[in-house]
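Below are the chains, spelled out letter by letter.
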Amino acid sequence: MKYILYIAIILVAYFGFYAVRIFYYSNYSPLPALEPKDITLGNGSPIKYIASGDSTAVGVGASSIENTYSYKTAEHFAQNNKVEYRNIAVSGARTKSFISDQLPKIIEFQPDVITISIGANDLTHLISSQTIFENYKQTITELESKTTAKIYITNIPNFNGAKLLPFWFVAIMENKSESINKQILNLETERTKIINIHDFGWDKFPDLSVTYAADNFHPNDTGYQNWANAFLDRIK
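Predicted model only: the values in this text are computed from it and were never measured. Position numbers for residues count from 1 along each chain, tracking the sequence in the order it is written. Residues qualify for local features only when their pLDDT is at least 70, as the model is predicted, and side-chain atom pairs are given and counted only at 80 or more; totals for whole chains, interfaces and linings, by contrast, use all residues. By convention in this description, side-chain values take in all heavy atoms of the structure and omit both hydrogens and water.

Asker: Teacher, can you tell me more about the overall build of the protein here?
Answerer: Helix numbering and strand numbering both begin at the N terminus, where a helix is a DSSP run of H or I of at least 4 residues and a strand a DSSP run of E of at least 2. Across its full length, the protein carries eight helices and six strands. In the protein, once contacts between residues fewer than 6 apart in sequence are set aside, the share between residues at least 24 apart is 81%. Carbon and sulfur atoms provide 57% of the accessible area of the protein, an area that totals close to 11900 Å². Any two residues having at least one pair of non-hydrogen atoms within 4.5 Å are treated as being in contact. Using a 1.4 Å probe, the Shrake-Rupley method yields the accessible areas, and only the shown protein chains count as cover for residues.

Asker: I would appreciate a short explanation of the environment of Leu103 in the present structure.
Answerer: Among the secondary structure elements, Leu103 is positioned in helix H4 (residues 95-109). C-alpha separation for the pair Leu103 and Gly53, spaced 50 residues apart in sequence, amounts to 9.6 Å. Here Leu103 is in contact with Phe98, Thr139, Glu142 and Leu143, once residues within four sequence places are set aside.

Asker: How do you make sense of the packing of aromatic side chains when you look at a structure like this?
Answerer: To describe a pair of aromatic rings, one takes the distance between the centres and the angle between the planes. In this analysis, rings of Phe, Tyr and Trp, with Trp reduced to its six-membered ring, are considered paired at centre separations within 6.5 Å, and the interplanar angle assigns stacked below 30 degrees, edge-to-face beyond 60, and tilted for intermediate values. All chains considered together, the criterion is met by nine aromatic pairs. Seen from their ring centres, Tyr69 and Phe231 are 4.6 Å apart, and the 10 degrees between their planes marks the pair as stacked. Placement of Tyr69 in helix H3 (residues 69-78) and of Phe231 in helix H8 (residues 221-234) is noted, with a sequence separation of 162 residues between them. Judged by centre distance (6.4 Å) and plane angle (80 degrees), the ring pair of Tyr71 and Tyr85 falls under edge-to-face. In this pair, Tyr71 sits in helix H3 while Tyr85 sits in strand E3 (residues 81-87), placing the two residues 14 residues apart along the sequence. When accessible area is computed with a 1.4 Å probe and restricted to protein chains, residues below 20% of their type maximum are described as buried, those above 50% as exposed, and intermediate ones as partly exposed. Taking relative accessible area as the criterion, Tyr71 reaches 10% and is therefore assigned buried. Members of the aromatic cluster, connected to one another through ring pairs, are Tyr49, Tyr71, Phe77 and Tyr85. We call a charge positioned over a ring when the NZ of a Lys or the CZ of an Arg lies within 6 Å of the ring centre and within 35 degrees of the ring normal. Of note, Lys48 hangs over the ring of Phe109, and the distance from its end group to the ring centre comes to 4.5 Å.

Asker: Please explain the pairing of strand E2 (residues 45-53) as it appears in this structure.
Answerer: Put simply, side chains in a regular strand alternate between the two faces of the sheet. In short, DSSP must find at least two bridges between two strands for them to pair. Summarising the sheet, E2 and E3 pair through seven bridges and their orientation is parallel. Pairing of Pro46 across the sheet is with Lys82, part of E3. Here five bridges tie E2 to strand E4 (residues 113-117), and the two strands are oriented parallel to one another. Looking across to E4, one finds that Gly53 is bridged to Ser117.

Asker: What is the right way to look at the sheet that holds strand E6 (residues 192-195) in this model?
Answerer: Either a parallel or an antiparallel arrangement is found when strands of a sheet pair, and the pairing is made through backbone hydrogen bonds. On the basis of which strands lie adjacent, the open sheet formed by six strands has the order E1-E3-E2-E4-E5-E6 and mixed pairing. One side of each edge strand has no neighbouring strand; the edge strands of this open sheet are strand E1 (39-41) and E6. The mean inter-strand angle of the sheet, taken between neighbouring strand axes irrespective of direction, is 20 degrees. Only the stretch in contact is used when fitting a helix axis, every axis being a line fitted to C-alpha atoms; angles between N-to-C directions are given from 0 to 180 degrees. Contacting E1, E2, E3 and E4, H3 crosses the sheet at an angle of about 160 degrees to E3.

Asker: So what exactly am I meant to see when it comes to H3 here?
Answerer: It helps to recall that an α-helix has 3.6 residues per turn; residues three or four apart then point in one direction. The element H3 is extensively covered by neighbouring structure, given that eight of its 10 residues are classed as buried. Of the residues making up H3, those classed as buried are Tyr69, Ser70, Tyr71, Lys72, Thr73, Ala74, Phe77 and Ala78. At its buried positions, H3 is contacted by E1, E2, helix H2 (55-58), E3, E4 and H8.

Asker: Help me understand the pattern of salt bridges, please; the structure alone is not making it clear to me.
Answerer: Where charged atoms from two side chains of opposite charge approach closely, those side chains can pair. Any carboxyl oxygen of Asp or Glu that lies within 4 Å of a side-chain nitrogen of Lys or Arg is treated as forming a salt bridge with it. Within this structure, the stated rule accounts for three salt bridges. Taking the shortest distance from any N to any O, the salt bridge between Glu142 and Lys146 comes out at 3.5 Å. Taken as a pair, Glu142 and Lys146 lie in helix H6 (residues 129-146) at a separation of four residues, close to a single helical turn. On the accessibility criterion, Lys146 (44% relative accessible area) is partly exposed. For Arg234, the salt bridge is made with Glu188, and the minimal N-O distance between the two is 2.7 Å. Taken as a pair, Arg234 in helix H8 and Glu188 in the loop between helix H7 (167-185) and E6 lie far apart in primary sequence, 46 residues in all. On the accessibility criterion, Arg234 (25% relative accessible area) is partly exposed.

Asker: Hey, could you run me through the packing of H3 against H8 in this one?
Answerer: Put simply, H3 and H8 touch, their axes get as near as 8 Å, and they point 45 degrees apart. On the basis of their axis angle, the class for H3 and H8 is oblique. Both H3 and H8 take part in a crossing whose hand is right-handed. Of the residues in H8, those in contact with Tyr69, Lys72, Thr73 and His76 of H3 are Tyr224, Gln225, Trp227, Ala228, Phe231 and Leu232. Put simply, Ala, Val, Leu, Ile, Met, Phe, Trp, Tyr, Cys and Pro go in the nonpolar bin, Asp, Glu, Lys and Arg in the charged bin, and everything else, Gly too, in the polar bin. Grouping the constituent residues of the contact of H3 with H8 by class yields six nonpolar, three polar and one charged. Under this scheme an angle from 65 to 115 degrees is roughly perpendicular, one under 35 degrees roughly parallel, and one over 145 degrees roughly antiparallel; angles in between are oblique. Each crossing gets its hand from how the near helix is turned against the far one by less than a right angle, where anticlockwise is left-handed and clockwise is right-handed.

What follows is the structure, encoded as structure tokens:
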């Protein structure tokens, strides 16, 4: 009986540690507060670019707006164009809320280029693989039918190195993302490019923790540079 009590105390302490840790970083984040704004960059032929998705599209974890992958993508287009850049991403967004809240705004904006990073919060909340896939499919179908934009959307990101979460939970998510990402990659079309953010470039970092911000969950400037590289590798 005594040993059972000891085990129970250890388990409570273990789960309590991670619960407090997650609560702290969720409510008292030490990261810079970023507020994306509509801006115009560059000169030349005008294009409209909209960034959307979850906190990775906002750029949570970056030291400044300029170090987010969305802004770096806008800068890329601004090399030869006058870019009307809008960012409507929402931290915590999942594929379902993306469809209800952000999809209508994208369609109303009628952009030339759309970037989307989504799916991470579905995975952490253990949303079913089938639901995630169907939401991705609906997103692509609606954007292809209701806009003329080029669409760039990530698959589920890589959680290896995210020390905010217990290692066994990361293992569960990685196992789940392996199968769903294969399905998502098959959704690519002539207009819609799937950005394989899960695998792109991370082999260059023997220790993935160096790509994470102080909350041990979001990318830092180094991580977002790799995100930007992944997008720009597919943008033509």
